[in-house]
Every structure is written in C-alpha cells, then in structure tokens.
Amino acid sequence: MRSRLIITLLSLTLLTGGAAMALALHAANRDAEELSKALLAQSGARTEAELQRFFEPTQALLATTHEWAMEGLLDVHDTAALNARFVPILRQSPAISSMLIANEAGDEYMLLLHPDGRFENRVVRLSDPAFGVARNQRIHFDESGNRVRETIEEQPYDPRERPWFRGALSRPDAAHWTAPYTFRTTREPGITTSRVADAPGGRLIVALDIKLLDLSRFTTQLRLRERGWVAVLLDHKVIGLPGPRSEASLAEQFADGLPAPEALDVPALAELAGNEDGQPTRVALGDETYIGVAQTFPLAPGTALRVLSAVAEADVLASVHQQRNRLLGVLLLAVLVALGASLVLSRSMQKLRAPAGFAGQQVGQYKLESRLGEGGMGTVYRASHAMLRRPT
C-alpha cells in the first residue's frame, strides 16, 4: 500500500510539473522571438537617431552655403573673407573635415580644418596661366589664424574632374552625395555632399567633406547582447563598421579603402547585405543562427544608407535556458516534497494499524495471542478480551 501511494503521488507531481514546464517553455520561446525583434528595432532606432544627428548639421550647412552663393556672398577668389566666414563654422562641426567652393572655370577654394585647430587652404586657379592645372597653392595657418607658411604644390589637379563637382552638375535641383571614398588630402575615408548654385557671377559648386571614422566610432560601440552588431552601408561599402573594434583597428581597417561586407569576418553581415529591407531574417551559419534586419535611411533623392543589425539567437535564448533550469529545479523540489509527504503519510497510517508484535502483547482491552494472517488492508490477529474472557 505504501509503494502504491508513493507512486501515485509521484506520478501526479511529474504530470503536473511537466505540463507546467512545457507551457512555460513554449511561452519563453515566443518571448525570445519577440525579444529579438525588440532588440533589433531598438538598435535600428538608435542608429537612425545617430545618423540624423551626424548628417543633419552637414545638410543644414550645405543649404545655408548654397543660399549665400545664390545671393552673391561667396567669392571663390577671396580666400581671407571665406576663411573668416567658414573657419568658425567648421570648428563647431566636428563631422566636417573640409569644404570646397569651385567655379566652372576650374578655380577652387578649399578649407581643411585639422583636429588640433590648425587649418589650411588649397587655392586652385586654372583660369590663371601662372598656375594652370599642374600647380596649386597651399596656405597654412596656426590655431589662432596666423599665417605660418605658404607653398606651391606641383601636382595636377582639376576640380571639374572630381566626383563631387560632376555629381552636383548632374543634379541641379538637389544635393548630391558621392560614393564613399578615401580623401585625397587626409587619406581618411569619407563622403562628399555638394550642390550647384546659380550665383550672380556664374555657377558655383559648394561641397562639404564628411569624415566617416566618427560614424564607425559610434557603430563599433553598439552591442546587441554578447555577439550582436550594427553596421552602416552606402553603395555596398561599409562606412559604419560593426564592433567591437579599437581605435587603431579602425584606421587599419580603412587603410586600403572602404571594405565591402564580404571582406569583413562578421557573422551574417554579407548575407544581410544582400537581403531586402523589412522584416527580421534568420541566417543559419553552421551551428549558429543569427536574426537580423536591414533598414533604409534616406540621405537625398536617389541616395540612401542601409542600417544592418543582427543578434545571435543563442544569446537571446540564454534567458530561456535559465528559465528552463529554474523550472527543472522547482519540479525536482516538488518531487522531493511529494516523496517526503508520502513517506510521512504512510508512517502515520501504519501507526493506526495493529502492531505486528508477538503473542501476549496488550492492545487496549485485547491481548494478542497469535497472528492469523496479513493482507493489503493490514494484519489479522487472534486475541481475547480482558473482561469478556473470550477469543476474538
């Protein structure tokens, strides 16, 4: 009887606990999928906000510079006046490394701001026979604006051949964005936005160079759990590197130009780069599975960035595994409690039975004489009543 009771209690405990664990795990798996989507949406929104913060000042400055050119306030030949206008602005715009103004005759003004506050001009005068295509002037200033030195660079350069110049002419009514490339002057990765302005003295092309290392410094700091990442692409080139990466590795990665997604050893990056934007996608890589999504961030008509983000499914499911282990622990504890309760109950019932002693033992008014037999309900004894003095 004791064994039956124990088995019954254990069976009920296991069935109830197993059903509860199955329901909890099913809910946990569903929650893991929702958590993955929430993580991707959160990282995408944060990256888009950073891109907005990164590019909006440049777009606003380009629009303002375009208006000044239209009003005749910018003279490509007046280097001192242009420096007085734009040096303070560039010092308040850390993402912009340099600006350019050029006319259709091939004359150009360039202002390059260094991180330590120094700046320099490149002056190109293709309309002046003394300069021509093969020569341009460099003027260097210290951080206080004092002229330090002036040099002549013997290097062929025609601004009219540059992508930012041609691109602006091809899109007269809107800003143009170049493909990402390595800047000729600083050897850093970047992109250029430009626009053509119908100035009173002839058409001018105004352009701003944007450094991309700052964008990678942001994306490399974004982590989705243990192995997740965020990257930014433009024209199938990675301009915002996935992390984690050190400052030195950023410069090293861009030393040979901007990499394609396939060139980086980042799980699921190449696969997601080829997917359409929209819903989260599962990418199986051997024993690992990543959940990722691609989103579009428009810069200008015809130009858009792609924000890719991915999270390792195992990292998200880690919480599910922890919950499963907790449930198993609770179930084991319930089995042990049920086993203990059945033992206590069995012993209590045993005390209610007649004791299995030898003949002559006194039980209440009865004196046991001999044991007649034993069955599922207990033990049967022959006894005599002390007062009636007869066997029972």
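This text follows the structure it describes.
None of the values given here were measured: they were computed from a predicted structure.

Colleague: I'd like a description of the overall build of the protein chain, backed by residues and values.
Modeller: In terms of regular secondary structure, the protein chain is built from 7 helices and 17 strands. Buried positions account for 42% of the 392 residues belonging to the protein chain. In the protein chain, 50% of the contacts between residues at least 6 apart in sequence involve partners at least 24 apart. Carbon and sulfur atoms provide 54% of the accessible area of the protein chain, an area that totals close to 20,700 Å².

Colleague: Give me the lowdown on the environment of Gly145, citing residues and values where you can.
Modeller: Summarising the element assignment, Gly145 is placed in the loop between strand E4 (135–141) and strand E5 (147–154). When the C-alpha atoms of Gly145 and Asn83 are compared, they prove to be 9.2 Å apart, with 62 residues separating the residues in sequence.

Colleague: Tell me about the sheet that holds strand E15 (residues 362–363), and please be specific about residues and values.
Modeller: Strands sit in the order E15-E16-E17 across an open sheet of 3 strands; the sheet is antiparallel. This sheet does not close on itself; its edge strands, each paired only once, are E15 and strand E17 (378–385). Bridging between strand E16 (residues 366–375) and E17 involves 8 bridges; their strand directions are antiparallel. Paired with Glu374 across the bridge in E17 is Thr379.

Colleague: Run through the sheet that holds strand E14 (residues 303–312), naming residues and quoting values.
Modeller: Spatially, the 5 strands line up as an open sheet ordered E11-E10-E14-E13-E12, and their pairing is antiparallel. Only two strands of the sheet have a single partner each, and these edge strands are strand E11 (237–240) and strand E12 (281–285). Adjacent strand axes in the sheet meet at a mean angle of 35°, parallel and antiparallel pairs treated alike. Of the pairings in the sheet, the one linking strand E10 (residues 229–234) to E11 comprises 3 bridges and is antiparallel in character. Bridging from a neighbouring strand, Val232 pairs with Gly240 of E11.

Colleague: Describe in detail the packing of aromatic side chains, supporting the description with residues and values.
Modeller: Evaluation of the coordinates by the stated rule reveals 6 aromatic pairs. Between Phe55 and Trp177 the ring centres are 5.5 Å apart and the planes differ by 80°, which places this aromatic pair in the edge-to-face class. Taken together, the residues Phe55 in helix H1 (residues 2–70) and Trp177 in strand E6 (residues 176–177) connect sequence positions 122 residues apart. Of the residues examined, Trp177 reaches a relative accessible area of 5% and is grouped as buried. Ring centres of Tyr181 and Phe183 lie 5.3 Å apart, and the angle between their planes is 80°; on these two criteria the pair is classed as edge-to-face.

Colleague: Hey, could you go over the pattern of salt bridges for me, with residue numbers and the actual values?
Modeller: Following the criterion strictly, the structure yields 14 salt bridges and no others. Across the pair Arg122 and Glu108 runs a salt bridge, and its minimum N-O distance is 3.0 Å. Of this pair, Arg122 sits in strand E3 (residues 119–125) while Glu108 sits in strand E2 (residues 107–113); the two residues are 14 residues apart in sequence, bridging distant segments of the chain. The salt bridge partner of Arg138 is Glu120, with a shortest N-O separation of 2.7 Å. Of this pair, Arg138 sits in strand E4 while Glu120 is found in strand E3, placing the two residues 18 residues apart along the sequence. Overall, Arg138 belongs to the buried group, its relative accessible area being 8%.

Colleague: I'd like a rundown of the pairing of E4, residues and numbers included.
Modeller: Buried residues dominate E4, accounting for 6 of its 7 residues. By the bridge criterion, 5 bridges tie E3 to E4 in an arrangement that is antiparallel. Looking at the pairing, Glu120 lines up with His140 of E4. Connecting E4 to the next strand, E5, in antiparallel fashion are 5 residues, including Gly145 with a positive phi near 90°.

Colleague: Now, about the side chain of Thr65: what can you tell me, with residues and values included?
Modeller: By the element assignment, Thr65 lies in helix H1. Of the residues examined, Thr65 reaches a relative accessible area of 2% and is grouped as buried. Not counting chain neighbours up to four residues away, the residues in contact with Thr65 comprise Leu74, Phe86, Met99 and Val206.

Colleague: Pulling in residues and values, what's your account of unusual backbone geometry?
Modeller: With an omega of 0°, the peptide bond between Gly243 and Pro244 qualifies as cis. By the element assignment, Pro244 lies in the loop between E11 and helix H5 (247–253). One non-glycine residue with positive phi stands out, namely His236, at about 60°. Inspection of the secondary structure puts His236 in the loop between E10 and E11. Even without being glycine, Ala268 reaches a positive phi, approximately 75°. Among the secondary structure elements, Ala268 is positioned in the loop between H5 and helix H6 (269–273). Of the residues examined, Ala268 reaches a relative accessible area of 2% and is grouped as buried.

Cut-offs applied
Residues numbered from 1 in each chain as written. Predicted model: local features only at pLDDT ≥ 70, side-chain atom pairs only at ≥ 80, totals over all residues. Heavy atoms only, no water. Helix = DSSP H or I, 4+ residues; strand = E, 2+ residues; numbered from the N terminus. Buried < 20%, exposed > 50% of the residue type's maximum accessible area, 1.4 Å probe, protein only. Contact = heavy atoms within 4.5 Å. Areas by Shrake-Rupley, 256 points an atom, 1.4 Å probe, with all protein chains shown as cover. Pairing = 2+ DSSP bridges. Axes fitted to C-alpha atoms, helices over the stretch in contact; angles between N-to-C directions. Phe/Tyr/Trp six-rings, centres within 6.5 Å; stacked < 30°, edge-to-face > 60°. Salt bridge = Lys/Arg side-chain N within 4 Å of Asp/Glu carboxyl O.

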